[in-house]
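Listed here are the chains, written in short residue letters.
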Amino acid sequence: MPLLPETTRRIDDLVARAQAAGRTPSLVLGVVRDGTVAHLATAGDHPRPYGDLQYRLGSISKTMTATLVMQERDAGRLSLDDPLDAHLPGTGVGALTIRQLLGHASGLQREPGGDWWERAEGVDLATLLTGVGTEKIAYPPHRTYHYSNLAYGLLGGVLERITGTPWADLLTERVLGPLGMRRTTYAASEPFARGYVVHPWHETLREEPRTDTGAMAPAGQLWSTIEDLGRWAAFLADPDPRVLAAETLTEMCAPVVISDLDTWTGGHGLGLELHREGERVYVGHGGSMPGYVAALAVHRPSRTATVAFANAYGFRVGHIGGLGREALTTVLDTEPTAVPPWRPTTAPPPADLAALTGRWWWMGAPLDLAWDRATGELVAHVRGERESRFVPNGPDRWRGRSGPENGEILTVLRDPAGTVVALDIATFVFTRTPDQEP
């Protein structure tokens, strides 16, 4: 569904202003809605951007590495609380866990030793590991948020050791191929935008090298296009179960650490950055490599996202990330998600379920319980507030799957004649009238 003309005008203006102010040779931003790129905003002509032009992803690559790790967890080949030593022995940081490394809560320093890995030819895994000792731990785990590229080099090593498959091949087989991301590649593939540093005084361009980062590739190697990154954004909004279970992706979006303790507007999940913008939370990641910056921001409830690239390092990842979030907020504010119409059901619930519906009471507080025919779930609202949903969990048992009662058990209580008389939700007993003792 295309955006309204006024929305596209505002997005185009944001991109044009950002390109001029940021002095980037080219800038492109895509708005993704319901799985497709609904609008493409471009500015600059060095080169002129379009949907199939490659740029470098940088650290957005980490979101895909994290997805591979979660696949291994779901398959039972690792636990998030496994120490690194269990899968990649011989480092001086082996007590750090997979979860800590994924969420930048390990205290591991940001970069590997040696030359700046983003601009130097990479080394193999064995060489990378020789430079990882206890001196690479800057803080105790969970002491603070500390972003670490090195952590993702190590996670790539874990994947290779467990699967016996190089990271790039594993990614193509398990993620890029199934999602149809054929223009997302390990190395640049024509047509691609060259990346530059813009001289601060006379505005000339210096083309940056395009290195193979070797064992650090899982932290930032990949190249992609707006069309392909839009497919990845759509996956993060509504995952393909062939790649990752929906509940696993939701788990990745839960904060491991808050990254700004003063405002609580940012954090990091399992491989995904989290940004609060007003009452909304966006998931995604920024990316930078010499000559390139990139942005990915997804609002999962509305299945709306923005993806963006620029080919000048001085534009900075924070600037393009802010642009992506501002554009996403503009779309959501001006074009709210359509509300599906209510439609009556064709028949009442079965008698055993009908006996559970209606109003219940606990300590003077009402609980309204309904049945969702479409999903087979019980839907509870306490005091008319946030809803909890319950799925069957055995005779007269239901388990919460969302809301305040997520994971808790609802037990149906009956009298000797078998009549439903109360509901026990995690030891809180709800009765049919407020006059009954729980």
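Residues numbered from 1 in each chain as written. Predicted model: local features only at pLDDT ≥ 70, side-chain atom pairs only at ≥ 80, totals over all residues. Heavy atoms only, no water.

> Sorry, what's going on with the overall build of the chain here?
Check the secondary structure of the chain and you find 10 helices and 20 strands. Its C-alpha atoms give the chain principal-axis dimensions of roughly 85 × 60 × 40 Å. Residue burial in the chain is summarised as follows: out of 438 residues, 50% are buried. Contacts spanning at least 24 positions in sequence make up 61% of the contacts within the chain whose residues lie at least 6 apart. Surface exposure of the chain reaches about 19800 Å², of which carbon and sulfur atoms provide 53%. (Helix = DSSP H or I, 4+ residues; strand = E, 2+ residues; numbered from the N terminus. Buried < 20%, exposed > 50% of the residue type's maximum accessible area, 1.4 Å probe, protein only. Contact = heavy atoms within 4.5 Å. Areas by Shrake-Rupley, 256 points an atom, 1.4 Å probe, with all protein chains shown as cover.)

> Whenever I open this one, the environment of Thr 345 confuses me. Can you help?
The topology assignment puts Thr 345 in the loop between α9 (317-334) and α10 (351-354). C-alpha separation for the pair Thr 345 and Arg 9, spaced 336 residues apart in sequence, amounts to 42 Å.

> Is there a simple way to think about the sheet that holds strand β8 (residues 266-268) in this case?
Backbone hydrogen bonds are what pair the strands of a sheet, in a parallel or an antiparallel way. With respect to topology, eight strands assemble into an open sheet ordered β2-β1-β12-β11-β10-β9-β8-β7, the strand pairing being antiparallel. Looking along the sheet, the strands with just one partner apiece sit at the ends: β2 (36-44) and β7 (257-258). Contacts between helix α1 (residues 5-22) and the sheet are confined to β1 (26-33) and β2, with β2 contributing the most and set at about 35° to the helix. Running at roughly 145° to strand β12 (residues 304-310), helix α7 (residues 226-237) makes contact with β1, β2, β11 (292-299) and β12 of the sheet. (Pairing = 2+ DSSP bridges. Axes fitted to C-alpha atoms, helices over the stretch in contact; angles between N-to-C directions.)

> Before we go on, may I ask you to explain unusual backbone geometry in this structure?
For residues that are not glycine, phi is negative in most cases, and the peptide bond is trans in most cases. Look at the link from His 46 to Pro 47: it is a cis peptide, with omega at 0°. Tracing the sequence through the fold places Pro 47 in the loop between β2 and β3 (55-56). Cis geometry marks the peptide bond from Glu 190 to Pro 191, where omega comes out at 0°. Among the secondary structure elements, Pro 191 is positioned in the loop between α6 (167-176) and β4 (196-198). For Glu 203, which is not glycine, the phi torsion reads 60° and is therefore positive. Within the secondary structure layout, Glu 203 lies in the loop between β4 and β5 (205-207). At Trp 264, a residue that is not glycine, the phi angle is positive and equals roughly 55°. Locating Trp 264 in the fold gives a position in the loop between β7 and β8.

> Is there a simple way to explain the nonpolar core in this structure?
Across soluble globular proteins, nonpolar side chains have a tendency to be buried as a group. In this structure, Leu 102, Leu 154 and Trp 232 are the most contacted members of the largest nonpolar core, which totals 73 residues. Setting aside chain neighbours within four positions, we find Leu 154 in contact with Leu 84, Leu 88, Val 93, Leu 108, Leu 129 and Val 132. (Core = buried A, V, L, I, M, F, W, Y, C linked by side-chain atoms within 4.5 Å.)

> So what exactly am I meant to see when it comes to the pairing of β12 here?
Residues in a regular strand project their side chains so that they alternate between the two faces of the sheet. With seven of its seven residues buried, β12 lies for the most part within the structure. Covered by surrounding structure in β12 are Thr 304, Thr 306, Ala 308 and Ala 310 together with Ala 305, Val 307 and Phe 309, the residues of both alternating faces. Sheet topology places β1 next to β12; seven bridges connect them, and they run antiparallel. Bridging from a neighbouring strand, Val 31 pairs with Thr 306 of β12. In this sheet, β12 lies alongside β11 in antiparallel orientation, the contact comprising seven bridges. Within β12, the position partnered with His 299 by the bridge is Thr 304. Here β11 hands over to β12 after four residues, with Arg 303 in that stretch at a positive phi of 55°.

> So what exactly am I meant to see when it comes to α6 here?
The α-helix winds at 3.6 residues per turn, so residues separated by three or four positions along the chain end up facing the same way. Looking at α6, one finds that the buried residues are Trp 167, Leu 170, Leu 171, Arg 174, Val 175 and Leu 176. An end-on view of α6 places all buried positions within 150° of arc, on one side of the element. Structurally, α6 contributes buried residues whose contacts are with α2 (61-74), α5 (149-163) and α7. (Arc of directions from axis to C-beta.)

> I'm lost on the pattern of salt bridges in this one. Help?
Pairs may arise between side chains of opposite charge once their charged atoms sit close together. Counted according to the given criterion, the structure contains 27 salt bridges. Here Arg 389 and Glu 377 are joined by a salt bridge, their closest N and O atoms 2.7 Å apart. Pair noted here: Arg 389 is in strand β16 (residues 387-392) and Glu 377 is in strand β15 (residues 377-382), with a separation of 12 residues, a long-range link. Accessibility assignment for this pair places Arg 389 and Glu 377 in one class, buried. A single salt-bridge network, built from bridges that share partners, covers Asp 372, Glu 377, Glu 387, Arg 389 and Arg 401. (Salt bridge = Lys/Arg side-chain N within 4 Å of Asp/Glu carboxyl O.)

> Can you walk me through the pairing of β15 in this structure?
Pairing of strand β14 (residues 365-372) with β15, which is carried by six bridges, proceeds in the antiparallel orientation. When the bridges of β15 are listed, Asp 372 appears paired with Glu 377. Between β14 and the antiparallel strand that follows it, β15, lie four residues; Gly 376 among them carries a positive phi value of about 75°. The sheet contact formed by β15 and β16 spans four bridges and is antiparallel. Residue pairing in the sheet places His 381 in a bridge with Glu 387 of β16. Two successive antiparallel strands, β15 and β16, enclose a turn made up of four residues, where Arg 383 displays a positive phi of approximately 55°.

> In this structure, what is going on with the packing of aromatic side chains? I would like to understand it.
Where two aromatic rings form a pair, the distance of their centres and the angle of their planes describe that pair. A complete count under the given rule lists eight aromatic pairs for this structure. Ring geometry for Phe 192 versus Trp 223: centroids 5.6 Å apart, planes at 70°, classification edge-to-face. Here the residue Phe 192 occupies a position in the loop between α6 and β4, and Trp 223 occupies one in strand β6 (residues 223-224), the gap between them amounting to 31 residues. Both rings, one in Trp 362 and one in Phe 428, keep their centres 5.2 Å apart while their planes meet at 85°; by these two values the pair is edge-to-face. With Trp 362 in strand β13 (residues 358-362) and Phe 428 in strand β20 (residues 428-431), the pair connects residues that are 66 residues apart, well separated along the chain. Members of the aromatic cluster, connected to one another through ring pairs, are Phe 192, Trp 223 and Tyr 292. The ring of Tyr 152 carries Lys 62 above its face, with NZ or CZ at 5.9 Å from the centroid. Here the guanidinium or amino end of Arg 432 rests over the ring plane of Trp 360, the centre of that ring lying 3.7 Å away. (Phe/Tyr/Trp six-rings, centres within 6.5 Å; stacked < 30°, edge-to-face > 60°. Lys NZ or Arg CZ within 6 Å of the ring centre and 35° of its normal.)

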